[in-house]
Amino acid sequence: MFVKSISATNFRNFRNLEFCFKEQERHIIIKSPNGTGKTNFLELLYYFTYLKSFRAVSDGELINKGENYFSILINYDNDEDNEISVKYLNKSKEVVYNNKKIKRYSEIFGKYCSVVFSSDDMLIIKGNPNYKRKFFDMFFSIIDIEYFYSIKNYNCVLKQKNALLKNKSFDKKLLEIYNYQLAQYINIIQQKRDEFIKITSKDFNDKYLEIGDYNYSAKIIYYPSIKIKEFTQENIFNFLMECCKKEVELGFSFYGVHKDNYQFLLNNLNFNSYASFGQTRLASLIMKTIQADNYKKYNNISPILLLDDVILELDNYRKVKFVSKIFDYKQFFITISDDTLLKIFEKSSYLSFLEIIDGKIQKSNFN
Amino acid sequence: MINDFTRLISALTKLPGIGKKSATRLSYFLLKNKDKSKDIFISIVDFLDKISNCSICGNFSSSDPCEICSSSNRDKKILCVVEEPSDLLAIEETGCYKGQYHILMGNINPLEGKGPDNLRIGELLKRTKDGVFEEILIATNPTIEGESTFLYLQNLLADQNVKISKIATGIPMGGSLEYADKYTLGRAIQSKNYI
Ligand SMILES: Nc1ncnc2c1ncn2[C@@H]1O[C@H](COP(=O)(O)OP(=O)(O)OP(=O)(O)O)[C@@H](O)[C@H]1O
Ligand SMILES: [Mg+2]
Ligand SMILES: [Zn+2]
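This one's a predicted model, so the numbers in the text were calculated from it and none came from an experiment. Here the residue numbers are simple positions, counted from 1 along each chain's written sequence. Here chains are named by letter from A upward and ligands by number from 1 upward, in the order in which they appear as written. Thresholds applied to this predicted model are a pLDDT of at least 70 for local features of residues and 80 or more for the giving and counting of side-chain atom pairs; totals over whole chains, interfaces and linings are not thresholded and use all residues. Each side-chain value is worked out from all heavy atoms of the structure, with water and hydrogens disregarded.

Chemist: Can you help me understand the interface of chain B and chain A in this one?
Modeler: The extent of an interface is frequently quoted as the accessible surface area lost upon association of the parts. Note on contacts: a residue pair qualifies if any of its non-hydrogen atoms lie within 4.5 Å across the two residues. Chain B puts 15 residues into the contact, and the matching count from chain A is 17 residues. Buried area is understood as the total, over both parts, of accessible area removed when two parts are fitted together, assessed with a 1.4 Å probe. Summing the contributions of chain B and of chain A, the shared interface buries around 1,400 Å²; its carbon and sulfur component is 64%. For chain B, the biggest contributors to the area lost against chain A are Pro 110, Ile 144 and Tyr 152 of chain B; these three give 39% of the whole. The term salt bridge refers to a side-chain nitrogen of Lys or Arg lying within 4 Å of a carboxyl oxygen of Asp or Glu. Counting across the interface, chain B meets chain A through zero salt bridges. In protein, a polar contact means a hydrogen-donor-capable atom and an acceptor-capable atom, both N or O and within 3.5 Å, with residues adjacent in sequence counting only if both atoms are side-chain atoms; elsewhere, any N or O pair within 3.5 Å suffices. Put simply, chain B and chain A have six residue pairs in polar contact (both at pLDDT 80 or more) between them.

Here it is as C-alpha cells:
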C-alpha cells in the first residue's frame, strides 16, 4: 500500500491540511519539535484502518477545539486507486469508500491497512492480560478471519450469559444453552490461539535473535484459563456446567477465553521482571513487525507502517538493524525529534523529510 | 399551541425511523393538509381495528384463524417456527414452503430483557404436544440470539416424538431472514439441515 494524498479539515490541530506524496516518497521522516502534531499526523493516517484513533480517545476529541466536525480523506494505491473519506459530525460519521457510502463500518476493515508502532506497545509485553488479549485478538484476526468471527460470536454469547446471570431467578435451561454455545467457540478459539502462538513464538524468537543479537532465546507462552486434561467441545461444556454454581454466586461468567493470558519470556524468565527497558522495547517493536509481516503473508497486503518515537530507546547498532527490516515495506512514516537519528536512514533512496509548522505539513530540507 | 405541538412530535418520534426532524416536518404536513390527514387517520384506525393476531400462529391477520392457518391447501404435518411476522412473509415470498407457521414474536435476548417466557413458546408446545406434526422446521435468524433460541427450542422439543430440522445453509451468521434474497432463502429451505 502507498498513500498518495491525505487531507483533513478540523482534525486535531490540522485545520486545513492537504498533502500529496510522490511515488519515490516511501520512507517518510517527520521531524518537528514537541507538541507540533507529529503523533496527530500518524493518528490521521491510522484512522482509516479501523475508523478510530490508536490512542484511547473518542472521536469527539479529534475535532479541532472550537469546531463541531472533522472531515478527512485519504487516497491510496493498492494495485488500484482507492479513496476513503470520513466526516464526523453530531456524534455520527459518514464513511465513503470509492464514492460509495458505507453502511456498516466493518465493511471498510481490511481495505486500508496500517500498523502503528507507539509508545504504548510496551503494554503488549508488560501490560495486563486484558491488553494482551486485545492485541492478540487483533493480531490473530489478520491471520484467520474465522478467528475474528469466533471472538465476535463468543463475546455476543458472553454478554447474553452475563445478562442472564444478573437476574437471580433465571431459566437454568437457558444457562445450559449459553454454556453449550460458549463451549463451541472456546474450543475453536483455544485451538487457534494455541496453534498461532506457536508460530508467532518462533517468529518472535528468530527476529529477536537477529535484530537483538542476544544469546538468549525469546518466546511467548499461551495460558488458557480453562484447565482440563483433554480439550474437546464436550469436555469444555462439562467444565462450564460444573462451574455454574460459582458463576451464579458471582453473577457473571468467570470461566472462558476472556480470562486467558499470554506471557513473554526472555531466557526463560518473564520480561516483566527480567528484561531491560531497551530489550522490552525491542520485543514490542518485533511483535508489531510480525503483525505487519502477517498482512503480507496471509493477505498479500503491504501495510503502511506508522512509527511514533519508538526507536529512541534502542542503541545505535539495534536501531540500524531494526530500520533495515522496515525498508522492505512500500511506505512508512516515522517521527523523530532529533537530527542524530537521520544517519540511520542514509541507505534509503526513497527518503522524504517533512515538518509540521502551524498545523501545516511541508517538505523540509535538512537532509 | 406549542404544547400540543411538542406532544404530537414526541408521539410521532416513537415510530421507528422517525427522528425529531422528520416528526416536526410530518406535524406541519398534517396541519397544512387537514383533509388528507384525517383520511390517513381513518385508515390507520380502521386497520388497527381490523387486524389482530391469529390465535393459532400469532401472525397479524384480519381473520382468526388467519388465511394460512385455515387454508385446506397447505400441508398440516409440517410446522415452521419463525421469529417475526416479517420472516414469515420472507419465506412465503420464496414459494418453496407450503406448511404451517408459528411466530415466536422475537428471540431469546436477556440483554434486552427478553426471556423464553416473553415469547410464544408455551403456545408452541401446546400445538406440538399432540403429535399432529411430523416435522418442525426451526427458521430462527442466523444470529447468535437466533441460534440460542433454536437450541433452546430443540431441547424443549426433544422429548416429543417429532423430527426437528433447521435451515442454516446460505445465510451467513449475523444476517437476517427478512433481508436474505429470495433465491438464497428458497434454497436454504429446500436443503434443510437435518439433525
Ligand atoms: N482536538 C484538538 N484541537 C486542537 N489542537 C489539538 C487537539 N488535540 C491536540 N491538539 C494539539 O496537538 C498538540 C499535540 O500534538 P502531538 O501529540 O501530535 O504532538 P507531537 O508532535 O507528537 O509531540 P511530541 O514530540 O511531544 O510527541 C498539542 O499542542 C495540542 O494542543
Ligand atoms: Mg508525539
Ligand atoms: Zn394463523
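Chemist: Hey, could you run me through the sheet that holds strand 9 (residues 218–223) of chain A in this one?
Modeler: Pairing between the strands of a sheet is mediated by backbone hydrogen bonds and can be parallel or antiparallel. Residue and element names in this part refer to chain A. Only when DSSP finds a minimum of two bridges between them are two strands counted as paired. By the criteria applied, helices consist of DSSP H or I runs no shorter than four residues and strands consist of E runs no shorter than two, each listed in order from the N terminus. Pairing is antiparallel across the open sheet formed by three strands, whose spatial order is 9-10-11. The strands lining the two open edges of the sheet, one partner per strand, are strand 9 and strand 11 (269–270). Taken together, the two bridges between strand 10 (residues 261–266) and strand 11 define a ladder with antiparallel strand orientation. Of the residues in strand 11, the one forming a bridge with Leu 266 is Leu 269.

Chemist: What's the story with the coordination of the zinc ion (ligand 3) in this structure? I'm lost.
Modeler: Each donor-metal-donor angle in an ideal tetrahedron of four donors is 109.5 degrees, and each such angle in an ideal octahedron of six donors is either 90 or 180 degrees. Residue and element names in this part refer to chain B. Any N, O or S atom lying within 2.8 Å of the metal counts as a donor, and for Na, K and Ca the limit rises to 3.2 Å; water is left out, so some sites can look incomplete. Distances from the zinc ion (ligand 3) to its protein donors, Cys 54 (SG), Cys 57 (SG), Cys 66 (SG) and Cys 69 (SG), fall at 2.2 to 2.4 Å. Geometry at the zinc ion (ligand 3) is tetrahedral, judged from its four donor atoms and the angles of 105 to 114° they form at the metal. We note that the donor set of the zinc ion (ligand 3) lies within a single chain, spaced as C-x2-C-x8-C-x2-C. Accessibility expressed as a relative area gives 4% for Cys 66, which makes it buried. Four donors are marked tetrahedral only if all angles between them lie between 85 and 135 degrees, whereas four are marked square planar and six octahedral if opposite donors are more than 155 degrees apart and the other angles lie between 65 and 115; the remainder are marked irregular. Using a 1.4 Å probe on the protein chains alone, a residue whose accessible area is under 20% of its type maximum counts as buried, one over 50% counts as exposed, and one in between counts as partly exposed.

Chemist: It is not clear to me how the environment of Glu 242 of chain A should be interpreted in this structure. Could you clarify?
Modeler: Residues and elements named next belong to chain A. Relative to the helices and strands, Glu 242 resides in helix 6 (residues 233–242). In this structure Glu 242 comes out as exposed when scored by relative accessible area, which is 66%. Spatially, the C-alpha atoms of Glu 242 and Lys 202 are 36 Å apart, while their sequence positions differ by 40 residues.

Chemist: Quick question: what am I supposed to make of the pairing of strand 3 (residues 78–82) of chain B here?
Modeler: Residues and elements named next belong to chain B. Within strand 3, five of the five residues are buried, leaving the element largely enclosed by the surrounding structure. The two faces of strand 3 match: Ile 78, Cys 80 and Val 82 on one face and Leu 79 and Val 81 on the other face are all buried. Sheet topology places strand 3 next to strand 5 (residues 135–138); four bridges connect them, and they run parallel. Bridged to Leu 79 within strand 5 is Ile 136. As paired strands, strand 3 and strand 4 (residues 100–103) are joined by four bridges and run parallel to one another. Of the residues in strand 4, the one forming a bridge with Cys 80 is Tyr 101.

All we've got here are geometric facts, nothing functional implied.
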